[in-house]
Amino acid sequence: MKAIRITYYVALSLFTLLMLLSASNYFFNYKDIQEAFQSLGHPVHLIYPLAIAKLLGLIAIWTKQSVVLKEWAYAGFFFNIVLAASAHISVGDGQAAGAFIALLLLTIAYFTEKKVFPQKALVKA
């Protein structure tokens, strides 16, 4: 159980670091991110809301105040990462590796959390 707990915290910490770097890049390197979004065919008006959503998602996962918000945060990160990877693959810019690393860390954190912090079902039958 100790190894699973360590795996959970390492994966979640690395994922958090990756998302914090991403969000801070959105805020502090707006011009570069704007060009990247345009090259991927994404609307640039999503840059700041996406950065804020990443920060709020990390807060929801780390605080564990609401099971529902935490699950939505995991789902939001999953869809964001999968769509980012597919966008990079479709334009062929060779930048999908970061998304795959993030997806791996997110998956490890999600499933090890279920073992470290077992919860009651969201809906009772």
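Since the model is a prediction, treat every value here as computed from it, not as a measurement.

Procedures and definitions
Residues numbered from 1 in each chain as written. Predicted model: local features only at pLDDT ≥ 70, side-chain atom pairs only at ≥ 80, totals over all residues. Heavy atoms only, no water. Helix = DSSP H or I, 4+ residues; strand = E, 2+ residues; numbered from the N terminus. Buried < 20%, exposed > 50% of the residue type's maximum accessible area, 1.4 Å probe, protein only. Contact = heavy atoms within 4.5 Å. Areas by Shrake-Rupley, 256 points an atom, 1.4 Å probe, with all protein chains shown as cover. Phe/Tyr/Trp six-rings, centres within 6.5 Å; stacked < 30°, edge-to-face > 60°.

J.: Which residues make up the overall build of the chain, and what values go with them?
T.: Helix and strand content of the chain: 5 helices and 0 strands. Each of the 125 residues in the chain was classed as buried or not, and the buried ones make up 30%. If you take every contact in the chain between residues at least 6 apart in sequence, the share linking residues at least 24 apart comes to 66%. Surface exposure of the chain reaches about 7900 Å², of which carbon and sulfur atoms provide 71%.

J.: Can you break down the packing of aromatic side chains residue by residue, with the values?
T.: Applying the stated criterion across every chain, the model contains 10 aromatic pairs. Geometrically, the ring pair formed by Phe15 and Phe77 is edge-to-face, given 5.0 Å between the ring centres and 90 degrees between the ring planes. With a gap of 62 residues between them, Phe15 in helix α1 (residues 2-28) and Phe77 in helix α4 (residues 67-91) connect regions that are remote in the sequence. As far as burial versus exposure is concerned, Phe15 and Phe77 are alike and both buried. Each ring, one from Phe78 and one from Phe79, has its centre 5.4 Å from the other, and the planes form 75 degrees; the classification is edge-to-face. For Phe79, a relative accessible area of 52% puts it in the exposed group. Taken together, the aromatic side chains of Tyr8, Tyr9, Trp62 and Phe117 make up a single cluster linked through ring pairs.

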